[in-house]
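Examining the three-dimensional arrangement
Listed below, chain by chain, are the residues.
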Amino acid sequence: MRVNGVMEALDLEPRVSLLDALREHLGLTGTKKGCDQGACGACTVLVDGERINSCLALAVQYDGREITTIEGVGDGERAHPLQSAFVRHDGFQCGYCTSGQICSAIGMLAEHGSGAPSAVTEHLSADTIELSDAEIRERMSGNLCRCGAYNGIVGAIREAASGEAGRDVMEAVR
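Our subject in this report is the structure included herewith. (Residues numbered from 1 in each chain as written. Predicted model: local features only at pLDDT ≥ 70, side-chain atom pairs only at ≥ 80, totals over all residues. Heavy atoms only, no water.)

**Focus: the overall build of the protein**
Which entries qualify depends on this criterion: Only DSSP runs of H or I covering at least 4 residues are called helices, and only runs of E covering at least 2 are called strands; the numbering of each starts at the N terminus. Accessibility here uses a 1.4 Å probe with only protein chains present; expressed as a share of the type maximum, an area under 20% marks a residue as buried, one over 50% as exposed, and anything in between as partly exposed. The contact criterion used is simple: two residues touch if any of their non-hydrogen atoms lie within 4.5 Å. Charge convention: Lys and Arg are scored as positive, Asp and Glu as negative, and His as well as the terminal groups of each chain are ignored. The location of each charge is read from NZ of Lys, CZ of Arg, CG of Asp or CD of Glu.
The secondary structure content of the protein amounts to six helices and five strands. Ordering the α and β elements of the protein from the N terminus gives β-β-α-β-β-β-α-α-α-α-α. Dimensions of the protein along its principal axes, counting C-alpha atoms only, are 45 × 35 × 30 Å. Here the protein holds 174 residues, and 42% of them are scored as buried. When contacts within the protein are restricted to residue pairs at least 6 apart in sequence, those whose partners lie at least 24 apart make up 58%. Each charge sign in the protein was given a centre, from 15 positive and 25 negative side chains, and these centres are 3 Å apart.

**Examining the packing of helix H2 (residues 81–88) against helix H5 (residues 150–161)**
Two measures define how a pair of helices packs: the angle their axes make with one another and the distance between the axes. Applicable threshold: Here an angle of 0 to 180 degrees is reported between the N-to-C directions of two axes, which are lines fitted to C-alpha atoms, with helices fitted over the stretch in contact. Each angle gets one of four labels, with under 35 degrees taken as roughly parallel, over 145 as roughly antiparallel, 65 to 115 as roughly perpendicular, and the rest as oblique. Less than a right angle of anticlockwise turn of the near helix away from the far helix marks a crossing as left-handed, whereas a clockwise turn marks it as right-handed. Note that Gly is not counted as nonpolar here; it falls among the polar residues with everything else outside the nonpolar set of Ala, Val, Leu, Ile, Met, Phe, Trp, Tyr, Cys and Pro and the charged set of Asp, Glu, Lys and Arg.
Direction vectors running N to C along H2 and H5 enclose 135 degrees, while the axes themselves pass 8 Å from each other. With respect to H5, the axis of H2 lies oblique. Viewed along their axes, H2 and H5 form a crossing whose handedness is right-handed. Contact residues: Leu82, Ala85, Phe86 and Arg88 in H2; Ile153, Ala156, Ile157, Glu159 and Ala160 in H5. A breakdown of the residues in the contact of H2 with H5 according to their chemical character gives seven nonpolar, no polar and two charged.

**Some remarks on the nonpolar core**
Basically, it comes down to this: To form a nonpolar core, buried Ala, Val, Leu, Ile, Met, Phe, Trp, Tyr and Cys residues must be joined to one another through side-chain atoms within 4.5 Å.
Ranked by size, the top nonpolar core spans 23 residues in total, and within it Leu82, Phe86, Ile102, Met108, Ile136 and Ile157 carry the most contacts. Secondary structure elements with two or more residues in this core: H2, helix H3 (98–113) and H5. Ranked by the residues each element gives to this core, the list is headed by H3, at six residues. Contact partners of Ile136, with chain neighbours within four places excluded, come to Met108, Leu131, Val154, Ile157 and Arg158. Leu18, Leu22, Val45 and Ile67 belong to the second-largest nonpolar core, a separate cluster that totals 14 residues.

Quick look at the structure:
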């Protein structure tokens, strides 16, 4: 598999989760193990640009795929626009869920940008879907924050998706 732009060859048992492969075999500890049941979103990573819960995925399923973890978000010394927005909006408190929140937000913005509706999308046949606070909250509902930083998370995503920052985010998503 290709992880954060680097080809990685792993010899794993078939039952090893993608989460454990990333953390224990590759040392990428930014992806967190929360519930280990797919309920909290702390383990969210991007696979070929789409967000998944890595605790529910077997690593062997991702042979030859592009995996992006929080360590691969951004450009070396330059933070991803969503990371910067999370800092400005206090979109984190303890920080445990932040890596999953950011990876999920990147995937969510790509889904929204492609026109995929959510459960709260008002007009399913509309050419564009407004990224309202309700849309953001619904689309991010699989990522839990025990500290309750949801208002900051929504604000960060809203800022990152709008104006010049939004163009940077969408370019970074592509």
